[in-house]
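# Structural overview for review
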Amino acid sequence: MLSTYGKVDEREHAMLEARRKSRKRIAIIAVSLVVLAGIVFGAVFGTMANKKSTTAETNVNGDSISVSVKAVCDVTLHKEKCLETVGAAPNASSLNPEQLFIYAVKITIAEVSKARNAFSSSGDNTTMSACVELLDLTVDNLNNTLTSSEHGDVTLPELVEDLRTWLSSAETYQDTCVETLSEFNDQESKTFGESQLKNATEMTSNALAIITWLGKIADSFKLRRRKIADSFKLRRRLLSADLAVDFNVGRRLLQSTDLRKVADIVVAKDGSGKYRTIRRALKDVPEKSKKRTVIYVKKGVYFENVKVEKSMWNVVVVGDGESKSIVSGRLNVVDGTPTFQSATFAVFGKGFMARDMAFINTAGPSKHQAVALMVSADLTAFYRCTMNAYQDTLYVHAQRQYYRDCTIIGTVDFIFGNAASVLQNCKILPRRPMKGQKNTITAQGRKDPNQNTGISIHRCTISPLGDLTGVQTFLGRPWKNFSTTVIMDSSLHRFIDPKGWLPWVGDSAPDTIFYGEYKNFGAGASTKNRVKWKGLRFLSKKEATRFTVKPFIDGGRWLPTTKVPFRSGL
């Protein structure tokens, strides 16, 4: 019997196509679940194989630990704390790893809130108040992991990177609290802070480890994010929706040839604007606005310490030029202000942008830590700006940040912090420090191997500001055990010490750091006499690409909406 070939009925074709897609989705999910189950059971088998007895592990309530609990706790840095807390979840034996992650975040929020209350009750001194603010930020970032919205049809790795960013920042904020308590040699306060935060920091680290592990599983098998997000009970708002109510309006605004002409608020020293100070202008910014608020700062030197609060979203500050519109302050550690609170200009509101501005701290080298610009907000961009100080000039504190065509001037650790930050096409200018000091350009503060943070210097120029004869200048030193810094495709002047990098203490660095150099050029770029550290790598193209804009901080999502120029790859 001959087969008949002809036009397929459209309705029948649609049904066949739907069944085909459904079978494909079911197959992907089935394979993924099998793989996940294999990993889970593999983790459990590995745990059991290392035990001297066959007795089942139990949690604090005496109940046996489920397969999922064992699997997620095996990947954490604080396994005993994980078994004690996550293992005590109601109905833990029936929860899958994703549900256990959500539970881990919820109990961490409760623990951090408890610590915050303890700091609030302990007194109203400067360091304690700084810790209260930092723990508020911690809770905000933990809550971000539970943010819900209608959108989410993108891949799971994108969701995971957001969650890792927020959890990495939550961990950083707690570390900064302890660092702040340590700055003034008050051992009693430091001991108090460490004891109050011990459980919270371990639990935050564990939640970060769990989501990092789940992300690797999903990434390996290209699961769709919506499928996993459903099991997380997470419905995430797209980043573009966060940045503007009307995406096209936001883009048209930033495409304007002169943002000054479309400014919502004008600040002018001479009285020709609505306000004479930036601080006063910021009070008019709507709370958590999804629309850009443009503040035009006319030329002049503004002697004020400015703080863009965490509720001030999508603020754009534009000046008349980085040599004309200048914000100047002089707070510093020697005179009693913690590093975290010393910034002339501090940013906590997400979606912030600045262009054609300068931020200066004039305290001078003898005052040690004195920050010009601190950024602790997500999805921030700086274009044609200057940051000018001595020690600790630019504090890339937390979250995701981008700097383009900027000038950064300083001496000791003058680009430091634990954000995921990319500096592109920037001028980095070490200057003469105090007598006896060495210059160190970077001091990156990654403490946890699961954090997705680091400093990436790409296509920049590193040259001296003035005569640095007799001053040793290094590319950086490792502030924390997992310090991560890469310098790529950049021009390095001959004044860079041939060793390249300086230990934080002693004569070496932890093996766990990640320092990378890739295709730099100039007399200071020779790697022949670089330090022989295990953590220093001369990167391949593939390794270097990991630290470019798109994979490291953007994913092709938020930077295009800013209209700031950027190179997404090498």
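Placed above this text is the structure.
Residues numbered from 1 in each chain as written. Predicted model: local features only at pLDDT ≥ 70, side-chain atom pairs only at ≥ 80, totals over all residues. Heavy atoms only, no water.

With respect to the helices and strands, the residue T407 is situated in strand β15 (residues 407-410). On the basis of relative accessible area, T407 is assigned to the buried category, the value being 14%. Leave out the neighbours within four places in its chain, and T407 touches E322, C385, T386, M387, K427 and L429. (Helix = DSSP H or I, 4+ residues; strand = E, 2+ residues; numbered from the N terminus. Buried < 20%, exposed > 50% of the residue type's maximum accessible area, 1.4 Å probe, protein only. Contact = heavy atoms within 4.5 Å.)

By the element assignment, Y103 lies in helix α4 (residues 97-121). Spatially, the C-alpha atom of Y103 lies 9.5 Å from that of P90, the residues being 13 residues apart in sequence. Once you skip the residues sitting within four places of it in the chain, Y103 turns out to touch T85, V86, A88, A89 and P90.

According to the stated counting rule, one finds 24 salt bridges in the structure shown. For R260, the salt bridge identified is with D258, shortest N-O distance 2.9 Å. Looking at R260, the relative accessible area reads 23%, which means it is partly exposed. Several salt bridges converge on common partners, so that one network encompasses D258, R260, D320, R355, D356 and R384. (Salt bridge = Lys/Arg side-chain N within 4 Å of Asp/Glu carboxyl O.)

If you walk across this open sheet you meet the 7 strands as β4-β7-β10-β13-β16-β19-β22, and the pairing is parallel. Either end of the sheet is taken by a strand with one partner, and the two such strands are β4 (306-308) and β22 (473-476). For this sheet the average axis-to-axis angle between neighbouring strands, irrespective of direction, equals 10°. Two elements, strand β16 (residues 412-417) and strand β19 (residues 439-444), share 4 bridges in a ladder whose sense is parallel. Directly across from V412, in β19, lies its bridge partner T440. (Pairing = 2+ DSSP bridges. Axes fitted to C-alpha atoms, helices over the stretch in contact; angles between N-to-C directions.)

Further remarks concern the packing of aromatic side chains. Within this structure, the stated rule accounts for 14 aromatic pairs. Look at F547 and F552: their rings are 5.4 Å apart centre to centre, the planes differ by 55°, and that puts the pair in the tilted class. Note on accessibility: F547 and F552 belong to one class, buried. Within the aromatic cluster, the residues linked to one another by ring pairs are F345, F352, F359, F382 and Y403. The lysine or arginine in question, K350, covers the ring of W313, its NZ or CZ lying 4.0 Å from the ring centre. The ring centre of Y390 lies 4.0 Å from the NZ or CZ of R431, which sits over that ring. (Phe/Tyr/Trp six-rings, centres within 6.5 Å; stacked < 30°, edge-to-face > 60°. Lys NZ or Arg CZ within 6 Å of the ring centre and 35° of its normal.)

Below, the discussion takes up the nonpolar core. Formed by 59 residues in total, the largest nonpolar core has its most connected members in F382 and Y403. Considering each element in turn, this core owes the most residues, 3 residues, to helix α11 (residues 278-282). Not counting the four nearest positions on each side in its chain, Y403 is found in contact with L373, V375, F382, M387, L394, V396, S421, V422, L423, Q424 and C426. Listed in part, the 58 residues of the second largest apolar core include V105, V112, C131 and I210. (Core = buried A, V, L, I, M, F, W, Y, C linked by side-chain atoms within 4.5 Å.)

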